[in-house]
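Each chain is listed here by its residues.
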Amino acid sequence: MKITVAENAGFCFGVRRADRLIREKISRDGGRGVFTLGKLIHNDGYMADLETDGVRVASAEDLPRLAASATEENPVCVFVRAHGMTLETENALTAFASENPYFSFVDCTCPYVRKIHNIVSELPSGDGAEEDETVLLFLGSAGHPETVGIMSRRRGRSFVFENASSLTEAAATGKLPLGEKIRVFCAVQTTQKASEWKKFQENVKKLYTKPIFFDTICNVTETRQKEARELAGKCDFVVVIGGSDSSNTAKLYSVCREVCPRTVMVPDAESLDGLIPDDCINAGIVAGASTPDGKIEEVYTKMSEENKAMTESFEEMLDSACKTLNSGDTVTGTVIAVNDQEVKLDLGAKVTGILTADQASDDASLKLSSEFKVGDEIDVFVIRVSDIDGCATVSKKRADLDKNWHKIVDAKENNTTLEGVVSDVVKGGVVIRIYGARVFVPASQTPVPKDGDLSVLAGQTVKFKVIELKNQGKGAVGSIRRATSEEKSAKVKEFWENIEVGKYYDGVVRGMTDYGAFIDLGGVDGMIHKKNLSWRPIHKPADILKIGDPLRVFVRSYNPEKKQISLGYITEDTNPWKLFTDEYKEGDVIDVVISNFAQFGAFAHITEGVDGLIHNSQISDDKNAKAEDVFKIGDTVTVMITKIDDEQKRVSLSVKALDEGAPAEEEAAEEPAEESEN
Ligand code: F3S
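Now for a look at the structure at hand. (Residues numbered from 1 in each chain as written. Predicted model: local features only at pLDDT ≥ 70, side-chain atom pairs only at ≥ 80, totals over all residues. Heavy atoms only, no water.)

Description of the site of the ligand
Then, in step 1: All residues in the neighbourhood of the ligand are listed as Cys12, Gly14, Ala82, Cys110, Tyr112, Thr190, Cys218 and Thr221.
Then, in step 2: In terms of residue class, the shell around the ligand is built from 5 nonpolar, 3 polar and no charged. (Near = heavy atom within 4 Å. Nonpolar A, V, L, I, M, F, W, Y, C, P; charged D, E, K, R; others polar.)

Thoughts on the environment of Arg155
Then, in step 1: Summarising the element assignment, Arg155 is placed in the loop between α6 (145–151) and β7 (157–161).
Then, in step 2: On a C-alpha basis, the gap between Arg155 and Leu123 in space is 7.8 Å, while along the polypeptide they are 32 residues apart.
Then, in step 3: Of the polar contacts made by the side chain of Arg155, one reaches the backbone oxygen of Leu123; its length is 2.7 Å. (Helix = DSSP H or I, 4+ residues; strand = E, 2+ residues; numbered from the N terminus. Polar contact = N/O pair within 3.5 Å; in protein donor to acceptor, adjacent residues only side chain to side chain.)

Some details on the packing of aromatic side chains
Then, in step 1: Under the definition given, this model contains 13 aromatic pairs.
Then, in step 2: Judged by centre distance (6.1 Å) and plane angle (45 degrees), the rings of Phe161 and Phe200 are tilted. Placement of Phe161 in strand β7 and of Phe200 in helix α8 (residues 194–207) is noted, with a sequence separation of 39 residues between them. Each of the two residues, Phe161 as well as Phe200, counts as buried.
Then, in step 3: Between Trp577 and Phe580 the ring centres are 5.5 Å apart and the planes differ by 45 degrees, which places this aromatic pair in the tilted class. Taken together, the positions of Trp577 and Phe580, both in helix α18 (residues 576–583) and 3 residues apart, correspond to about one turn of that helix. Like Phe580, Trp577 is buried.
Then, in step 4: By the ring-pair criterion, three or more aromatic residues cluster together here, those being Phe161, Trp197, Phe200 and Phe213.
Then, in step 5: Seen from the ring of Phe13, Lys344 lies directly overhead, with NZ or CZ sitting 4.0 Å from the centre. (Phe/Tyr/Trp six-rings, centres within 6.5 Å; stacked < 30°, edge-to-face > 60°. Buried < 20%, exposed > 50% of the residue type's maximum accessible area, 1.4 Å probe, protein only. Lys NZ or Arg CZ within 6 Å of the ring centre and 35° of its normal.)

Some details on the pattern of salt bridges
Then, in step 1: Evaluation of the coordinates by the stated rule reveals 36 salt bridges.
Then, in step 2: Among the salt bridges present, the one from Asp19 reaches Arg23, with a minimum N-O distance of 3.1 Å. You can see Asp19 and its partner Arg23 sitting in helix α1 (residues 13–29), 4 residues apart, about one turn around the helix.
Then, in step 3: Its relative accessible area of 14% is what places Asp19 among the buried residues.
Then, in step 4: For Arg23, a relative accessible area of 32% corresponds to the partly exposed category.
Then, in step 5: Between Asp543 and Lys540 there is a salt bridge, with the nearest N and O atoms lying 3.8 Å from each other.
Then, in step 6: Each of Glu90, Asp107, Arg114 and Arg153 takes part in a single network of salt bridges with overlapping partners. (Salt bridge = Lys/Arg side-chain N within 4 Å of Asp/Glu carboxyl O.)

Written out as structure tokens, the structure reads:
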């Protein structure tokens with residue numbers, strides 16, 4: 001018979017913690033005056049051990065008496081089990097402890113259970129006048145202390161269901177409030193079977209729209225049940241060790257029995273008498289979260305002795321299966337559980353790896369549960385191993401650093417530019433985190449002016465050079481300025497290599513004089529003369545530009561030796577006179593707007609930048625007609641273009657010619673040069 005012990009057999013994290021806390025108390029102060037609120041662990045053998053140390057079990061009803069009896073000579077300390085307690089009991093304990101300094105309590109509520117307490121107590125009660133009715137549907141054992149403790153924190157209506165089908169039954173028999181307006185929240189006992197929870201969720205979705213599910217099954221339970229199912233699938237006999245009042249042991253039994261009918265549940269080795277089948281080839285041992293290692297060893301030994309085949313002791317087997325772990329090792333761990341506070345890793349050793357958020361990343365906003373999932377493999381550095389706690393404190397940051405330090409060294413040796421995020425502003429500079437390393441950048445090596453505010457760099461992604469290495473594997477000194485200056489020089493070099501006459505650049509106005517503007521073309525400045533800025537005459541560039549304006553310009557000429565560039569903005573394509581002559585010809589009839597008067601006639605606006613003249617003689621047949629008497633500024637007048645003088649850039653217009661149907665060229669041509677406004 002081959003015997004396989006499930007890897008995750010025995011105390012879970014929450015139970016191990018409760019055990020450690022009470023053992024520490026007993027070894028420090030003795031067990032006298034120490035009480036557990038109900039069985040600390042659902043295991044009679046374990047509780048009997050505690051009793052020999054003087055520890056007694058108390059109920060909630062005993063608390064007032066115990067609190068009153070606590071004195072300096074006979075202090076009382078109550079331990080609350082991992083399942084937690086009711087809100088009423090918690091309040092009572094807190095009050096007793098504050099009233100009597102010789103009465104104290106140690107809350108060993110498992111963090112997973114505490115999380116459900118918080119969820120449930122924060123749910124809307126649903127009984128306010130403004131609120132829709134709110135209901136909590138809870139999948140769990142109604143009488144179990146964990147369920148009782150959780151439900152005591154619910155301020156509104158709630159229903160507890162042992163399984164998924166009892167929910168459907170309750171709905172069918174009118175025991176559940178139904179309706180569109182009901183807001184439904186669902187949670188689950190930590191030790192519940194994942195498959196039952198899934199069915200439960202499906203049934204809820206058939207009854208309610210938009211229910212909200214809190215998946216509060218403990219990862220340990222889930223992992224253990226999965227492993228138990230896999231092991232049971234390979235065995236023809238399975239022993240589940242644990243107390244019959246332990247919820248998670250009962251679930252393990254049910255999971256194993258589904259795949260291996262020859263599954264038995266026993267509290268200890270003695271109870272196995274007569275249960276081991278003679279024809280068993282592959283036997284499996286699974287244990288609930290409240291089963292001490294000693295009990296597992298006893299069962300294993302008994303089965304081995306009966307089989308007469310196995311000689312290796314349980315400890316030896318574990319030792320040979322598990323590698324030894326030392327501080328300073330770097331190992332690959334597999335994620336077995338994750339929450340927002342920590343990641344638990346199977347390191348292939350007897351201890352479980354604990355990776356906290358601060359050792360996972362420098363990014364304080366990182367959510368462990370989003371970054372890691374069960375089954376992921378992570379390389380970690382072992383900081384400390386504690387056989388007592390069964391845990392190893394590990395660091396992914398340190399493992400990353402060890403793996404990537406050579407990249408920092410290479411960057412220094414090859415003068416490579418790196419990119420990282422400024423994580424901290426410290427005295428005299430800033431810190432950039434990269435590859436798990438800390439790179440300090442002195443203030444003088446940042447782009448911030450002397451005595452400026454370095455905090456403007458916090459959170460920014462910056463390029464930098466490594467200029468000095470500090471204590472191998474610990475940190476480095478960097479320079480942002482050096483990277484910036486090198487980048488700028490490279491850009492300038494590239495600019496001069498690629499410049500050509502006629503090439504366009506998107507520049508920014510950087511400065512101005514009365515005769516022109518300086519345009520930043522991306523690290524290199526060019527100059528544009530005011531006459532090349534506008535087709536209309538301007539007095540100075542500031543008439544049409546301001547510092548910081550974007551301007552698309554082209555190169556008119558350049559001198560690389562003197563680093564001078566002459567730029568242009570206006571082109572023939574935007575020349576108003578060209579645009580006008582492209583569109584209009586003599587004889588065209590158009591609408592114009594009177595813009596000004598002169599002694600000899602009126603100027604009228606034709607197109608952007610082009611005005612024409614209506615001579616007094618071209619208004620009507622009345623030889624004494626004067627433009628000022630006939631028109632006013634802003635009038636729209638229909639005229640004929642009688643002459644376009646390309647050389648002088650002048651346009652003659654006539655109202656009279658509309659009746660005559662022909663240009664009156666001679667008269668318009670006689671007018672003096674200053675009549676044109678073009
Ligand atoms: Fe806590 Fe899960 Fe154990 S809820 S007590 S770690 S089984």
